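Coordinates in review
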Amino acid sequence: AAPSGPGPASQKGEQGFQSPRPYKLAYQLVRIHSISFHRRSAAGFVELTILPTVADLSRIKLNSQQCGIHGAAFTYSDPTLEVCSSEAKHRALGHFSHAYATALHAVDSDAGNGELCIKVPPELRKCVNAFPVLKIHIDFSLDRPQGGLHFVVPGGEGSLAERAAHVFSCGYQNSTRSWFPCVDSYSELCTWKLEFTVDAAMVAVSNGDLVDTVYTQGKRKKTFHYELSIPTAASNISLAIGPFEVLVDPYMPEVTHFCLPQLLPLLKHTTSYLHKIFEFYEEILTCRYPYSCFKTVFIDEAYVEVAAYASMSIFSTNLLHGATIIDETPLTRRCLAQSLAQQFFGCFLSRMSWCDEWVLKGISSYIYGLWLKKTFGVNEYHHWIKEELDEIVAYELKSGGVLLHPIFGGGNEKDPQVSHLHFSIRHPHMLSWEYYTMFQCKAHLVMRLIEQRISTKCMLQVCNKLLNLATAASSQKFQSNMWSQMLLSTSGFLKSISDVSGKDIQPLMKQWVDQSGVVKFYGRFAFNTKRNVLELELKQDCTSLETQKYLGPLKVTVQELDGSFNHTLQIKEDSLKHNIPCHSKSRRNKKKKIPLMNGEEVDMDLSAMDPDSPLLWIRIDPDMLLLRKVEFEQADFMWQYQLCYECNVVAQQEAILALEKFPTPASRLALTTILEQEQCFYRIANSMVSTWTGPPAMKSQFTRMFCCKTCPNMVKTNNFMNFQAYFLQKTMPVAMALLRDAHNLCPKEVLTFILGLIKYNDNRKNKFSDNYYRAEMIDALANCVTPAISVNNEVRTLENLNSDVRLIVEEITRFLNLEKLLPSYRHTITVSCLRAVRVLQKNGHVPSDPSLFKAYAEYGHFVDVRVAALEAVVDYTKVDRSYQELQWLLNMIQNDPVPYVRHKILNMLTKHPPFTKNMESPLCNEALLDQLWKLMNSGTSHDWRLRCGAMDLYFTLFGLNRPSCLPLPEFRLVLNLKEEKAVLNPTIIPAPATGNREGTSNPSSHAPLAGFQNPLPSSQEEEMEMDMDTVHHSQAFSSQHLSMLERPPTLELSQCYLASARSALLPSCVGGYEGAPTSKAPWGLDLTHKGAAQVQSPPEMHIYPFAVALLCSPLSRKRPPPNNEHHHHHKHKKHKHKHKHKQKHKHDSREKDREPFSFSSPALGRSVCSPSLSD
Amino acid sequence: MADAASTPGASGSGTRSGSKQSTNPADNYYLARRRTLQVVVSSLLTEAGFESAEKASVETLTEMLQSYISEIGRSAKSYCEHTARTQPTLSDIVVTLVEMGFNVDTLPAYAKRSQRMVITAPPVTNQPVTPKALTAGQNRPHPPHIPSHFPEFPDPHTYIKTPTYREPVSDYQVLREKAASQRRDVERALTRFMAKTGETQSLFKDDVSTFPLIAARPFTIPYLTALLPSELEMQQMEETDSSEQDEQPDTENLALHMSTQALPVGLDSCETGVCDLLAVEPLVSPGGTAHPAPRPQACAPLGQMFRDESGAEKENTSVLQQNPSLAGTRNGEDTIIDNPYLRPVKKPKIRRKKSLS
């Protein structure tokens, strides 16, 4: 480190943003001078230019993972590498989760922490006042990184470039630390210079402007020099190196696209649309794209489909498609649009803290939604909103609330409202992937609600204002301290809103942002003929944890004979019934056109309706202005009218769903009518077809639409020019195959019909590929399969194969074989075939055997195929309870080269677990538990997503508490909360040895002791529910507690965990026993975060020994000299099996105190207060 | 033989001497053939207007004729055997002649020429007796230009044909049916073949042959097969594309074709050449090249096209934008579009300085 540069940084530009670091980052240089694909390694250095903001800067904390760092004067500790000690016997996820949260906090850059701690030399510290700029130079090397950078090195012949070897950065949230040392936070901005020396045949794509490309000596390598002058967070830095084909966008020369060799034609077609998205965003935001260039890179084995970084986006190569592919086109365009929206909000504007993440996600999805509306139409947009709404509602009702803006005050209370989760939402790296997806989804919906409240115009003005502020700030020099304007916070966002619109959105924020949960309505109505009033009864379900009560306005749309009328009801605390006056009288036999919502007037056949009522249909909250679930009861004819005449796709969809309950001819007629309407939105048609419940009337429908006039049993040659018809043609057979006759078998004619479709499928004259269509035909075949009639579980053989099924098998065999010779786009047909084979197996037609799927799941197959095959294996594992396959899957989770596949397997296993926590299963054994625990604890430490996935799986399999398959400890100390006092279990007389560890591990739990040894697993629940707030600390209790244990804890034990903790971790804090971080009162509270935070605040450290000493003085006898730490540690290890002891509290499991990190874990937070430490 | 007499008697003496020397019948046949050929050569010479010829030249010509005829025979035999027959047919001879560079069409006229000389039948020592098993109908008499000692025409039923016409199947349904089942058969046969010759997997443990599945084989680069269209699809695309273009007003195509044909040979690559031309032509005045005459013709429809179809023009301008950039990457020249990735890579000099400092 060398001091240099201009004067000190002033603080005046800092508005609202308090940096957690005692310095500010101004500029960072990253240079990777060698990358080896063979060894999968990289080496280089970084140079950080920082400005200290405190007088004596002694330590600089940076983030770094996996990097080998050379040089002296630094300490490194990463508690997330191994969250709990490997010998741990107590395997409760709750404990792990706490420990993990604490570990994450200890390295959290947003809290000013980091894995890497650099000591500023004292001699330099003296000069800091004179030269307030420090430069830190760190040489680093990466060897076989398990996260952060992903190497793709295909085997085969030829040079690396010919084999399309490439490498790219990837990760979930801020994970740049895994490929170079940095301040890995979204809130620490600086300008960048990035230099990469790569093979001459390769291209290095990174953020910012490519300033120079220079050959090295001998022209064997070249160096790419990038400069990023817009202040950017390290988390938004990315890199992709490979033998890319370069395509300059024909419409925008600043935009460059990259793809792997041979894919250039696809790239041309795929990106030909991008300029329109650019135009759209720039127009609505009235703001130019903030960066001077934009790059898209399409790479294989992508971590996520779309990843947006400053001025570049990394996409999965599987998004590329040619002109013949219909289905992929809208999907890919959506991905492009999403990534571009995130360029504005997420990359350019960065978040201030994790709590503000929802604003960025919300705005970027919101403007993406506007694009979607414009490009694919209002129907598609509504459909999407409805889909998201349904998803979030389903998730919240099932798994608990999603909290957008968690406020963590103080840091020592429990996570607000989310105690039902098995992870903490304080840290992005702890979130379950599903939760995070839902989080984004909800952020968008809430943003839409805000937009509805303040109008689209205002919303865009807000966006524009935020961007303009940031743009102004970005061009400023570092000294002006304006850069914090580029950080978006919730409060900043709200201020902009009130500035622009003048409206108060606090109630909305309070309802949806600051608390979790959705609203659930049950609705019914009655029509009062005398008063001509509609009596609407609305009930809210607020009983369950995941729902909340809604009070406020609610829109109800009533379609009457004389038109459609909107009513706004005020939902009050105790109002159940609402009277809505009707505008029109019921009319009998009077023919008149009926005006609809959109101003159209239509003729309707009113014969079906109730002659006394003028009501056609009623909709609650038609514009989806709440995050709600509505269950509304109305008569079947009303649903039918709603389906046929309501022009809103959402309404139609609701009606279709509701009509499932009314399989009457009238319903069928309504469905048929809508199906034939050409302007009908294709998705409606699709969803409708899949809910069809009538006899194979669909067949005649299909025949009429897609078969030849002259020979009705033959389908026309494919012509997919009309996409709407195409989608219908695809879906109808699939739905048709779901028909069942009285014996619950698929009608023979349907099967014949589908086989005919396959046989006569002719795509020769078609402009488009029919691979998706053929795949759907196979799905249709699979849908035809019904369970085999089996006579006492005979072995499935070819001889007893049903003749119909034989035909299906034959088709599947042929398709699957043909795929080997003429592969289809994205191997859609193979995917469908594999699924169909699994269906056949499950229904008992074909012997259940995973070997076929296992072959397709191997590395080297296309990722879609692999996922489909893995899905089948997961299903097999679940159905057949196969331990072997489960092991095979776990092995793949550990060893597969593709992170996405690993993540996917975990995800699928979580969704379809072979057993769950409440289930007895032969699979559930200790070895498996160990394996998973290891995976979660240390096996996945470089991939957050994977670790969270492992946690999810662990939660599903074993639950939050101590897994039941573990042998029970002999003695357990349990708290009885009901009685709130310490009672010894009368059956157990505490052995002299039992108290031994007790004191060391548990003493902080000052709740009354209930007794020893509760061998029943059910007691664990009780333990967990222990309310910490009721815990009171007193010396009296303490002594009672300890005396009850009859024997004071051995001092060795108390020392040893401290010792191990200290020797392994955070060496900077080691100052003696005082250094042990503990917390102040209330003693028993969860210290998850605080513990770690205090590690850095030496003044506080001195409080505890004193307090503890006071508390436990009778027990403190002596303090072993510090140099004996290790000795004690070993001793402790030796003794540990001898000391059979009880666990009073789940969190106070015995292994915890042995693990290195435990002293900042909640358990230790408590244990520090223990008598053993009091000296 | 009478004609042969008109040529100098040398030929006669040659044959005679040969006949005297030879004793075995094979040689006799050989000599007889040789004699006949000599007569033929002599008569042809006479026909060509020679009055006399040296013996050596007649011998040479005979030799040439003989080898020519032998070659016809040998080659015809090969053709006949190639089609698994033992007896050559007319078509074998025709193919042979064509193969040897002979214009078969001229043969009938030559055979019927007016000034031709008719050679009397060679003396037949022992007439081969052909078994007359069955005769049907009247054998056709020889046409006048065929000497009477040539073999008779075969029985009429061997060559007379009565054409019968059946309506070609044009029923849509049948055609579709046929196409579908044909395709299915081919697919099944092909996949079965592949399955038989390679590794397989099976859905049933007890029976691996009824539904063989070609074993899944991992790829080194799996995304390539998954994303790139197969060759068949490409081919189909081209077909549909071309058929579609045919439906459109043909001016564009025509212009393209004409321009490619009219282009100076110097522009080698047809595709880029056309693109360049399309882009450049309306902007730069034509002419001044090696082929000034055809170029204005080529440009006329092009110009029209640009005026008429604004849509086409738009597309082409995009080509115009894109093309130089691509050309830039190839040639390393400075281009209109300044994209940093297209700039040439710098020499290491500057870099070295930096690294030293």
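It should be noted that the structure appears before, not after, this text.
From a predicted model like this one, the values you see are computed outputs, not experimental measurements.

Our next topic: the nonpolar core. Taken as a class, soluble globular proteins show a tendency for nonpolar side chains to be buried jointly. All names here are of chain A. Phe37, Ile60, Tyr281, Phe345, Trp358, Ile450 and Phe493 are the most contacted members of the largest nonpolar core, which totals 326 residues. Examining the composition of this core, we find that 17 residues originate from one element, helix α6 (residues 357-399), more than from any other. Once residues lying within four places of it in the same chain are set aside, the contact partners of Phe37 are Phe151, Val153, Leu160, Ala165, His166, Val167, Met202 and Ile241. Of all hydrophobic cores here, the second largest spans 10 residues; its members include Trp639, Leu643, Ile656 and Leu659.

It is worth spelling out the pairing of strand β9 (residues 149-152) of chain A at this point. All names here are of chain A. Residue alternation in β9 divides its side chains into two sets, Leu149 and Phe151 and His150 and Val152, and both sets are buried. As judged from the 4 bridges shared by β9 and strand β10 (residues 166-169), these two strands associate in the antiparallel manner. In the strand pairing of β10, His150 is matched with Phe168.

Residue and element names in this part refer to chain A. Taken in spatial order, the 3 strands make up an open sheet running β26-β25-β30, and their pairing is antiparallel. The sheet is open, and its two borders are formed by β26 (563-571) and β30 (615-620), each paired with just one other strand. Strand-to-strand twist across the sheet, computed as the mean angle between neighbouring axes with direction ignored, equals 25 degrees. With 5 bridges joining them, strand β25 (residues 552-560) and β30 adopt antiparallel strand pairing. Paired with Val556 across the bridge in β30 is Ile620.

Turning next to the interface of chain A and chain B. On the side of chain B, 59 residues touch chain A, which itself brings 96 residues to the contact. Between chain A and chain B, the buried area comes to about 6,900 Å², and carbon and sulfur atoms account for 62% of it. Considering only the surface of chain A that becomes buried against chain B, Lys759(A), Leu798(A) and Arg814(A) emerge as the three largest contributors, covering 9% of it. The interface formed by chain A and chain B holds 5 salt bridges in total. For the salt bridge of Lys759(A) with Glu177(B), the shortest nitrogen-to-oxygen distance reads 3.0 Å. The tally of links from chain A across to chain B stands at 18 residue pairs in polar contact (both at pLDDT 80 or more). If you tally residues by element for the side of chain A that touches chain B, the top one is helix α19 (residues 803-821) of chain A, at 11 residues. Taken together, the residues that form the side of chain A that touches chain B break down as 46 nonpolar, 26 polar and 24 charged.

So, how was this worked out
Residues numbered from 1 in each chain as written. Chains lettered and ligands numbered in written order. Predicted model: local features only at pLDDT ≥ 70, side-chain atom pairs only at ≥ 80, totals over all residues. Heavy atoms only, no water. Core = buried A, V, L, I, M, F, W, Y, C linked by side-chain atoms within 4.5 Å. Buried < 20%, exposed > 50% of the residue type's maximum accessible area, 1.4 Å probe, protein only. Helix = DSSP H or I, 4+ residues; strand = E, 2+ residues; numbered from the N terminus. Contact = heavy atoms within 4.5 Å. Pairing = 2+ DSSP bridges. Axes fitted to C-alpha atoms, helices over the stretch in contact; angles between N-to-C directions. Buried area = accessible area lost by both parts, 1.4 Å probe. Salt bridge = Lys/Arg side-chain N within 4 Å of Asp/Glu carboxyl O. Polar contact = N/O pair within 3.5 Å; in protein donor to acceptor, adjacent residues only side chain to side chain. Nonpolar A, V, L, I, M, F, W, Y, C, P; charged D, E, K, R; others polar.

The values are spatial; any link to function lies outside them.
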